[in-house]
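Fold and geometry: a report
This is what each chain is made of:
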Amino acid sequence: VGYWAVVGTMSGWGDYAKMTLDGDWHVAENVKLTTSDQFKFRADGNWDVERGAEVGSDGVIIVDGEETAVVQGGKNFSVAEDGFYSVYINKAATKAKVVKTADLPVESTPDQPCDWAIWAQSPDWEQIDMVTTTVPDLFVAKGVVLDSYKSFLVKPAADWSTKYGCGAINYIQSNKYIKASQNGGDITVEAAGTYDIYFDN
């Protein structure tokens, strides 16, 4: 065997995560697995040598942290919880295990109304409502047309009780983050154009 890889529904049963030898185990780290995924182990990018669960039907739950027997032509594995895992198969290709290392990031529903807005000087201090993204507390105003060196602020959509600018640094470059501060100075862009403006609350 030249190398082992985790294969499964996540990659259309091609190599999903190539493994490296670490002592008596081949391991792939930070492998994203959900409860709807099924996977097994394959050597050298083909199906001549592959390993799956010894007993059960496809979708056998592999218990976090427990060594499990694997056999040639075995059944597909699944995990009981979504997350990132270190996935192992031993050198003899007789045992496998998974160890959960992190939860998946929480996602929110994108493009939903939220409580934040852009207050833009261009063309004439217009309020542009922001919407949600897939990242909690990260909001976006899409397609904002800004003239060069014209200002904007981020504020609650309903009032001016809180507004965010950029303190003493009021210039923001495209595709760069800048730290916002409450009651900070107006923010400007150098080049006129259409922008998606993100605000991380």
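Residues numbered from 1 in each chain as written. Predicted model: local features only at pLDDT ≥ 70, side-chain atom pairs only at ≥ 80, totals over all residues. Heavy atoms only, no water.

1. A look at the overall build of the chain
- Looking only at helices and strands, the chain has 0 helices and 19 strands in total.
- Principal-axis analysis of the C-alpha atoms gives the chain an extent of 70 × 30 × 25 Å.
- Considering only contacts within the chain whose residues lie at least 6 apart along the sequence, 54% involve residues at least 24 apart.
- Taken together, the 16 basic and 29 acidic charged side chains of the chain have centroids lying 5 Å from each other. (Helix = DSSP H or I, 4+ residues; strand = E, 2+ residues; numbered from the N terminus. Contact = heavy atoms within 4.5 Å. Lys, Arg positive; Asp, Glu negative; His and termini not counted. Charge placed at Lys NZ, Arg CZ, Asp CG, Glu CD.)

2. A closer look at unusual backbone geometry
- Residues other than glycine seldom take positive phi values, yet Asn30 does so here, at roughly 55°.
- Counting through the fold element by element, Asn30 comes out in strand E4 (residues 25-33).
- The residue Tyr149 is not glycine, and still its phi comes out positive at about 60°.
- Mapped onto the fold, Tyr149 is located in the loop between strand E14 (138-146) and strand E15 (151-156).

3. Description of the environment of Lys18
- The topology assignment puts Lys18 in strand E2 (residues 15-18).
- Given the relative accessible area of 58%, Lys18 is considered exposed.
- Residues Lys18 and Val6, spaced 12 residues apart in sequence, show a C-alpha to C-alpha distance of 6.4 Å.
- The contact partners of Lys18, leaving out residues within four places of it in the chain, are Tyr3, Trp4, Ala5, Val27 and Ala28. (Buried < 20%, exposed > 50% of the residue type's maximum accessible area, 1.4 Å probe, protein only.)

4. Details of the nonpolar core
- Formed by 21 residues in total, the largest nonpolar core has its most connected members in Val6, Phe39, Phe41 and Val87.
- Looking at this core, the elements that each hand over two or more residues are strand E1 (4-8), E4, strand E5 (39-43), strand E10 (83-90) and strand E11 (95-102).
- Those residues in contact with Val87 that sit more than four places away from it in its chain are Val6, Met19, His26, Val27, Ala28, Val31, Leu33, Phe39, Phe41, Lys97 and Val98.
- Residues Ala120, Ala141, Val144 and Val154 belong to the second largest nonpolar core, which totals 20 residues. (Core = buried A, V, L, I, M, F, W, Y, C linked by side-chain atoms within 4.5 Å.)

5. Here's the deal with the side chain of Thr132
- Topologically, Thr132 is positioned in strand E13 (residues 126-132).
- Take Thr132: its relative accessible area is 14%, and that puts it in the buried class.
- Here the side chain of Thr132 touches Thr109 through a polar contact of 2.5 Å, landing on its backbone oxygen.
- Among residues more than four places away in sequence, those in contact with Thr132 are Thr109, Pro110, Asp111, Gln112, Pro113, Cys114, Leu138, Phe139 and Val140. (Polar contact = N/O pair within 3.5 Å; in protein donor to acceptor, adjacent residues only side chain to side chain.)

6. Observations regarding the pairing of E10
- Within E10, 7 of the 8 residues are buried, leaving the element largely enclosed by the surrounding structure.
- Relative to E10, E4 runs antiparallel, the two being bridged by 7 bridges. In the sheet register, Leu33 faces E10, and the bridge partner there is Gly83.
- One ladder, built from 6 bridges, connects E10 with E11; its direction is antiparallel. Each bridged residue has a counterpart across the sheet, and for Val87 the counterpart in E11 is Val98.
- Counted between consecutive antiparallel strands, the loop separating E10 from E11 contains 4 residues, among which Ala93 sits at a positive phi close to 60°. (Pairing = 2+ DSSP bridges.)

Everything listed is a geometric property; what it means functionally is a separate question.
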